[in-house]
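Each chain, written out:
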Amino acid sequence: MSALTLVIGNKNYSSWSLRPWLLLKHFNIEFDEIKIPLYQSASALALEQHSPSRKVPALIHGDLTVWDSLAICEYISENLLQNAGWPEETKARALARSISAEMHSGFFALRNELPMNCRCHIPGFTPSNAAIADITRIKSIWQSCLENHADRGDWLLGTFSIADCMFAPVVLRFKIYSITLEPILQRYADNVLAHSAIKEWVAAGQAESEMIAKFEVAEY
Ligand SMILES: N[C@@H](CCC(=O)N[C@@H](CS)C(=O)NCC(=O)O)C(=O)O
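For the protein chain, the name recorded in an unreviewed UniProt entry is Glutathione S-transferase, with Oleiphilus messinensis as its organism.

Next up, the structure:
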């Protein structure tokens with residue numbers, strides 16, 4: 001058993017769980033997983049046992065529990081990666097933190113209307129105006145990050161960072177709901193989708209059998 005355990009929800013649905021999971025996988029950090037299938041009769045008790053917020057993800061490291069996706073990513077970067085979770089350069093690091101925090105605290109319409117569901121593909125989806133505004137803002141963030149850091153690599157800030165983990169579920173949502181992307185953004189999305197850890201997560205999510213009705217968005 002590893003000293004590190006990440007408590008997650010269903011891989012098919014739990015976008016918050018994916019974020020620190022991807023960070024750990026990308027940097028080849030060994031960890032155990034406890035998966036709590038959400039919104040079932042046993043879920044509340046299991047969540048209460050593992051997470052002070054009664055939500056996933058939570059990270060257990062020895063006798064310490066850290067909860068909430070962004071706090072977990074910060075903890076991993078600081079304590080297990082010698083800060084490699086964030087870009088080294090000050091301005092890029094500030095930008096990475098800003099867009100990660102914006103993702104963490106916003107985009108409610110996108111998150112509500114376009115829930116992550118790895119088993120789904122919805123070709124004719126029409127987002128509301130509020131969701132379109134979220135999508136437009138995300139595209140603009142990606143575009144300016146990619147254009148300004150292309151000399152350092154293919155990720156949002158050039159090198160892979162927590163910002164890519166925070167936006168990875170959005171990449172999946174754009175694919176699931178067939179959101180059209182400009183070529184530079186599509187290249188980024190394809191890069192994320194080609195990541196071995198993302199492929200592993202999606203395959204595991206697709207193999208799950210639990211159904212959560214409110215995340216099963218019908219075509220409309
Ligand atoms: N702000 C939290 C959000 C966590 C969250 O909402 N997790 C959902 C699953 S993706 C959850 O645990 N839902 C179970 C419940 O509310 O009962 C984070 O960033 O980790």
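Back to the write-up after that little detour.
**So, the side chain of S51**
Structurally, S51 is set in the loop between helix 2 (43-50) and strand 3 (58-61). A relative accessible area of 2% places S51 in the buried class. For S51, the side chain forms a polar contact with the main-chain oxygen of K55, separated by 2.6 Å. With near-sequence residues (within four places) excluded, S51 lies in contact with A58 and W67.

**Overview of the packing of helix 4 (residues 90-105) against helix 7 (residues 162-176)**
Their axes nearest at 8 Å, the elements helix 4 and helix 7 cross at an angle of 30°. Taken together, the axes of helix 4 and helix 7 are roughly parallel relative to one another. Considering how the two elements wind past one another, helix 4 and helix 7 form a crossing that is left-handed. For the pair helix 4 and helix 7, the contacting residues are A96, I99, S100, M103 and H104 in the first and I162, A163, M166, F167 and V170 in the second. Of the residues that constitute the contact of helix 4 with helix 7, the class distribution is 8 nonpolar, 2 polar and no charged.

Thresholds applied
- Residues numbered from 1 in each chain as written.
- Predicted model: local features only at pLDDT ≥ 70, side-chain atom pairs only at ≥ 80, totals over all residues.
- Heavy atoms only, no water.
- Helix = DSSP H or I, 4+ residues; strand = E, 2+ residues; numbered from the N terminus.
- Buried < 20%, exposed > 50% of the residue type's maximum accessible area, 1.4 Å probe, protein only.
- Polar contact = N/O pair within 3.5 Å; in protein donor to acceptor, adjacent residues only side chain to side chain.
- Contact = heavy atoms within 4.5 Å.
- Axes fitted to C-alpha atoms, helices over the stretch in contact; angles between N-to-C directions.
- Parallel < 35°, antiparallel > 145°, perpendicular 65-115°, else oblique.
- Left-handed = near helix turned anticlockwise from the far one by under 90°.
- Nonpolar A, V, L, I, M, F, W, Y, C, P; charged D, E, K, R; others polar.

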